[in-house]
Amino acid sequence: MSEIGEVATSLTLPSGLVLPNRLVKAAMAESLAKNGRAGPELVKVYEKWGQGEWGAIMTGNVMVDERYMGSPQDTTVQSKNSVEIDTWQRIARGIKAKGALALMQINHPGRQSRAGAGSRGFLQKNLAPSAVSLNFGTGVVVKTLVKVLFGTPAEMSTIQIQTLINQFADAAKFAQQVGFDGVTIHAAHGYLLSDFLSPKTNTRTDAYGGTPEKRARVIVEIIEAIREVVSTNFSISVKMNSSDQQYDAGSDAVLKQVDVLVSHGVDFLEISGGSYENPRMMRGDEVPAKSERTQKREAFFLDFALAVRERHPDLHLMLTGGFRTRTGMNSALQTKGCDMIGIGRPAATVPDFPRSVIGIGAKRDISDAEAGLQMQKVETPWLLKHLPFPELQRVLVGGAETMHYGQKIGEMAKA
Ligand SMILES: Cc1cc2nc3c(=O)[nH]c(=O)nc-3n(C[C@H](O)[C@H](O)[C@H](O)COP(=O)(O)O)c2cc1C
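This report concerns the structure included in the present document. Keep in mind it's a predicted model, so treat the numbers as computed, not measured.

Some details on the overall build of the protein
So, point 1. A tally of regular secondary structure across the protein gives 15 helices and 14 strands.
So, point 2. A globule of 415 residues ought to have a C-alpha radius of gyration of about 22 Å, and the protein, at 20 Å, matches this closely.
So, point 3. For the protein, the C-alpha atoms occupy an extent of roughly 60 × 50 × 45 Å along the three principal directions.
So, point 4. For the protein, the proportion of its 415 residues judged to be buried stands at 57%.
So, point 5. Residue pairs at least 24 apart in sequence account for 73% of intrachain contacts in the protein once pairs closer than 6 positions are excluded.
So, point 6. Of the roughly 17,000 Å² of accessible surface on the protein, 54% is carried by carbon and sulfur atoms.
So, point 7. Within the protein, one finds 47 positive and 43 negative side-chain charges whose respective centroids are separated by 4 Å.

Remarks on the site of the ligand
So, point 1. If you check the shell around the ligand, you find 25 residues, and the closest are A27, A29, Q105, R324 and R345.
So, point 2. At 2.8 Å from a nitrogen atom of the ligand is found a main-chain nitrogen or oxygen belonging to A29.
So, point 3. A distance of 2.9 Å separates an oxygen atom of the ligand from a polar backbone atom of G322.
So, point 4. Alone, the ligand offers 610 Å² of accessible surface; in the complex the protein occludes 97% of this.
So, point 5. Contributing elements (two or more residues each) for the shell around the ligand: α12 (345-349) and α15 (390-414).

With respect to the pairing of strand β14 (residues 340-343)
So, point 1. Side chains M340 and G342 of β14 all project onto a buried face; the interleaved residues I341 and I343 project onto the opposite face, where all are buried too.
So, point 2. Pairing of strand β3 (residues 23-25) with β14 involves three bridges; the strand directions are parallel. For L23, the partnering residue across the bridge sits in β14 and is I341.
So, point 3. In the sheet, strand β13 (residues 317-320) pairs with β14 via three bridges, with the strands oriented parallel.

Remarks on the packing of aromatic side chains
So, point 1. Summed over all chains, the structure comprises seven aromatic pairs.
So, point 2. Ring centres of F150 and Y276 lie 6.3 Å apart, and the angle between their planes is 65 degrees; this geometry places the pair in the edge-to-face category. Residue F150 is located in the loop between α3 (140-149) and β9 (154-155), and its partner Y276 is located in the loop between β12 (269-272) and α9 (292-296); the two are separated by 126 residues in the primary sequence.
So, point 3. Of the residues examined, F150 reaches a relative accessible area of 11% and is grouped as buried.
So, point 4. For Y276, a relative accessible area of 24% gives the class partly exposed.
So, point 5. Judged by centre distance (5.9 Å) and plane angle (90 degrees), the rings of F300 and F301 are edge-to-face. Each member of the pair F300 and F301 is classed as buried.
So, point 6. Within the aromatic cluster, the residues linked to one another by ring pairs are F136, F150, Y191 and Y276.

Describing the pairing of β13
So, point 1. Here β13 shows two buried faces, one formed by L317 and L319 and the other by M318 and T320.
So, point 2. Inspection of the sheet shows β12 paired to β13 by three bridges, in the parallel sense. Pairing of E270 across the sheet is with M318, part of β13.
So, point 3. With helix α11 (residues 326-334) bridging β13 and the parallel β14, this β-α-β connection has right-handed handedness.

Here is what the cut-offs are and how they apply
Residues numbered from 1 in each chain as written. Predicted model: local features only at pLDDT ≥ 70, side-chain atom pairs only at ≥ 80, totals over all residues. Heavy atoms only, no water. Helix = DSSP H or I, 4+ residues; strand = E, 2+ residues; numbered from the N terminus. Rg over C-alpha atoms; globule rule 2.2 N^0.38 Å. Buried < 20%, exposed > 50% of the residue type's maximum accessible area, 1.4 Å probe, protein only. Contact = heavy atoms within 4.5 Å. Areas by Shrake-Rupley, 256 points an atom, 1.4 Å probe, with all protein chains shown as cover. Lys, Arg positive; Asp, Glu negative; His and termini not counted. Charge placed at Lys NZ, Arg CZ, Asp CG, Glu CD. Near = heavy atom within 4 Å. Polar contact = N/O pair within 3.5 Å; in protein donor to acceptor, adjacent residues only side chain to side chain. Pairing = 2+ DSSP bridges. Phe/Tyr/Trp six-rings, centres within 6.5 Å; stacked < 30°, edge-to-face > 60°. Right-handed = clockwise from strand over helix to strand, strands pointing away.

Rendered as structure tokens:
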């Protein structure tokens, strides 16, 4: 093993695909699309990341239904004209230029699709497993805001669920057609599929609700539908939340759902956490840990990953959120908390993070003490700090963090 440690070693996935090292550029919505279409800016951004010595690069979430987007600048691959095919082929080529795997994250925003994001009509409701509104706080002002921005979602019919499954399969087929090595299904962060998993947002009593296993069924059916339209070495993975606020404390429901996904052969599982209501994944950065013990545990969701590992020793696990130092990454790998390290905000700050910060393929040796990125906490605008709605403030602070790093991705497209 090189002095850089386990983070620099290759990894073979069950699909047979090989990551040249353990660092994965995590999915980050680039906010660069117009009317859902990817363009030259997006190509440029991925060509830049593709030069960075990443083990794998995930796209930001690509929406499977153009009627429902997370933001108006999200991408969708629903209409597949020749220009789009060419653009996505260039994106995949850019990602793979130096050996990174190209993985497209596919998503449906569910009740987190805000008004004006997507081509649906003004009166068309958001979709959700059950008609449960977002909860950003209890006051009248906040409730009215939620109503205007997101509305109360409609409970999906079984026909709509079938359409959704087909849309995910279509997107995966497109991803393979344009040269991606795999797709990763977004079932985290409060979007549609994570709402299916949670008993707080899925109160159905049919085949898609009622028990942890039934709440995971839609994802199983998506995996099966994708498998029918792609080749056997195409990677299918899932990003899901750790057992966080979506579940009752101490509940092992989410671990049972992990069991279900593992038994259906996911290539790897990515662990994250949080949602719009409580953006835990966007926790502000503390400066790199002072004591060795805290540095070793810099990942936000490591404890949950270790619980998953106990049940599934052979599962390939990716952990995202909070990794900033090589020591912290190697420590998580050594304790078997994960096999792959997801890197979000640092990748928007330093596109060739694996090389210039961690030292993979670098011309000079980088010591353990140097190999890390001290991220500045994003300053919360004065107005937000003084809002009289504490719950809403938490939401907006998460949004400010996302916006700040989204702008950095935008700068990559211009440089
Ligand atoms: C600008 C921005 C956009 C994001 N978009 C997505 C997304 O499209 N899909 C996703 O799963 N996570 C998204 N995330 C969350 C990241 O993948 C990651 O979970 C989070 O940033 C925590 O990791 P970090 O501490 O390394 O930044 C986004 C984060 C940022 C900063």
